Amino acid sequence: MNTVYMVGAGPGDPELITVKGQRIVNEADIIIYAGSLVNKAIIAGHKPDAEIFNSASMTLDDVIAVIKRGTEEGKKIARVHTGDPSIYGAIREQMDRLDELGIPFDVIPGVSSFVASAAALKKEFTLPDVSQTVILTRLEGRTPVPEKEKLEDLASHQASMCIFLSVQMIDDVVKRLMKHYAPTTPIAIIQRATWEDQKIVMGTLETIAQKVKDENITKTAQILVGDFLGDEYSLSKLYDPSFTHEYRQGVE
């Protein structure tokens, strides 16, 4: 039985899928892709006779049925997700169903929108004396969030934070963040990171909500917040001439 591949397509730029992921997509007999989020250029190199399914209009049962039929026919299958499939990709429920059916699968990681957004901003999440922790989270919507992971509680760490799937609730996001972050804390909104129509809005917790509304950003955006967006930090020890490590003797 052929292996099913869960492929991370990256954030949007078709060149940001991994070499392995692109090869699998181009070789696949059946491609099931998240059409509402995955750049169609990612699948443009598919085989002429490949079957293409847009999972935006499919249920979990529909997806599994296509995979089951394809594996029974000995076909190579690429299940293509946006970003990295392990982050808000809803792949666990698919993998568990494949396990139940005895269908082998592999996961091919991809570039997530949170790292693509940092790259777009030319920022580093982990700056000495600023933050050594990155929190990935979301505000509760139709999908609940565990009580111990409420945004205002996570904000108490004042770490570098990446907030997914929440820009449509920007007022609530800001209100919760300001329980622990200073009103002047820098915040960035990156809509459709790495796409040709990428949009970046910068501000502080005091100003960002209105800026987001002025730009009419209501979905497909990453929220990054924290002092890592500022310009004050300490230099790393890694390249400090006085720092000794395995590969270099420091100079006093």
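Quick caveat, the model's predicted, so the values are computed rather than measured.

Calculation rules
- Residues numbered from 1 in each chain as written.
- Predicted model: local features only at pLDDT ≥ 70, side-chain atom pairs only at ≥ 80, totals over all residues.
- Heavy atoms only, no water.
- Helix = DSSP H or I, 4+ residues; strand = E, 2+ residues; numbered from the N terminus.
- Buried < 20%, exposed > 50% of the residue type's maximum accessible area, 1.4 Å probe, protein only.
- Contact = heavy atoms within 4.5 Å.
- Areas by Shrake-Rupley, 256 points an atom, 1.4 Å probe, with all protein chains shown as cover.
- Lys, Arg positive; Asp, Glu negative; His and termini not counted.
- Charge placed at Lys NZ, Arg CZ, Asp CG, Glu CD.
- Pairing = 2+ DSSP bridges.
- Axes fitted to C-alpha atoms, helices over the stretch in contact; angles between N-to-C directions.
- UniProt positions renumbered as here; feature names shortened; annotations may be inferred.
- Salt bridge = Lys/Arg side-chain N within 4 Å of Asp/Glu carboxyl O.
- Polar contact = N/O pair within 3.5 Å; in protein donor to acceptor, adjacent residues only side chain to side chain.
- Core = buried A, V, L, I, M, F, W, Y, C linked by side-chain atoms within 4.5 Å.

## Re the overall build of the protein chain
Then step 1. Regarding its fold elements, the protein chain presents 7 helices and 10 strands.
Then step 2. Counting only C-alpha atoms and orienting by the principal axes, one finds that the protein chain spans roughly 65 × 50 × 35 Å.
Then step 3. In the protein chain, buried positions account for 43% of the 252 residues.
Then step 4. Pairs at least 24 apart in sequence give 66% of the contacts found in the protein chain among residues at least 6 apart.
Then step 5. When the accessible area of the protein chain is evaluated, it comes to approximately 13500 Å², of which 51% is carbon and sulfur surface.
Then step 6. Positive and negative charge centroids in the protein chain, built from 27 and 36 side chains respectively, lie 4 Å apart.

## Concerning the sheet that holds strand S10 (residues 221-225)
Then step 1. If you trace the 5 strands from one edge of the open sheet to the other, you get S6-S7-S10-S8-S9, paired in mixed fashion. Single-partner strands in this sheet number two, and they are strand S6 (134-138) and strand S9 (199-204). Direction aside, the axes of adjacent strands within the sheet are offset by 20 degrees on average.
Then step 2. Across the sheet, helix H4 (residues 113-121) touches S6, strand S7 (160-164), strand S8 (186-191), S9 and S10, and the angle it forms with S10 is around 70 degrees.

## Looking at the UniProt feature "domain: Tetrapyrrole methylase" (unreviewed entry) in the protein chain
Then step 1. As annotated in UniProt, the feature "domain: Tetrapyrrole methylase" (unreviewed entry) corresponds to residues 3-208 in the numbering used here.
Then step 2. In this annotation, residues 3-208 is assigned 26% helix and 21% strand; the end-to-end C-alpha distance for the span is 46 Å.

## Side note on the side chain of Asp 84
Then step 1. Tracing the sequence through the fold places Asp 84 in the loop between strand S4 (77-81) and helix H3 (92-101).
Then step 2. Lys 20 provides the closest opposite charge to the buried, unpaired Asp 84, separated from it by 13 Å.
Then step 3. In this structure the side chain of Asp 84 is engaged in a polar contact, spanning 2.4 Å, whose partner is the side chain of Ser 86.
Then step 4. Setting aside residues no more than four positions away along its own chain, Asp 84 makes contact with Pro 109, Gly 110, Val 111 and Ser 112.

## A closer look at the side chain of Gln 94
Then step 1. As for its position among the elements, Gln 94 is in helix H3.
Then step 2. If we skip the residues at most four places from it in the chain, Gln 94 touches Met 6, Leu 60, Val 63, Ile 64, Arg 79, His 81 and Gly 89.

## Digging into the nonpolar core
Then step 1. Counting 25 residues, the largest nonpolar core has Met 161, Ile 170, Leu 177 and Ile 189 as its most contacted members.
Then step 2. Contributing elements (two or more residues each) for this core: helix H5 (151-154), S7, helix H6 (170-177), S8, helix H7 (208-214) and S10.
Then step 3. In terms of residue count, the dominant contributor to this core is H6 (4 residues).
Then step 4. Leu 177 has contacts with Leu 151, Ala 155, Met 161, Ile 163, Ile 187, Leu 205 and Val 225, leaving out every residue within four places of it along the chain.
Then step 5. Counting residues in hydrophobic clusters, the runner-up holds 16 residues, among them Ile 17, Tyr 33, Ile 42 and Ile 108.

## Notes on the pattern of salt bridges
Then step 1. Applying the stated criterion across every chain, the model contains 18 salt bridges.
Then step 2. A salt bridge links Arg 176 to Asp 172, with the nearest nitrogen and oxygen atoms 3.3 Å apart. With a gap of 4 residues between them, Arg 176 and Asp 172 both fall in helix H6, about one helical turn apart.
Then step 3. A residue is classified by how much of its surface remains accessible, and Asp 172, at 31% relative accessible area, is partly exposed.

## Section: the pairing of strand S2 (residues 30-33)
Then step 1. Burial along S2 is two-sided: Ile 30 and Ile 32 and Ile 31 and Tyr 33, pointing in opposite directions, are all buried.
Then step 2. For S2 and strand S3 (residues 51-54), the ladder comprises 4 bridges, and the chain directions are parallel. Across the sheet, residue Tyr 33 finds its bridge partner in S3, namely Asn 54.
Then step 3. The sheet contact formed by S2 and S4 spans 4 bridges and is parallel. Among the inter-strand pairings, Tyr 33 is bridged to a residue of S4, identified as Val 80.

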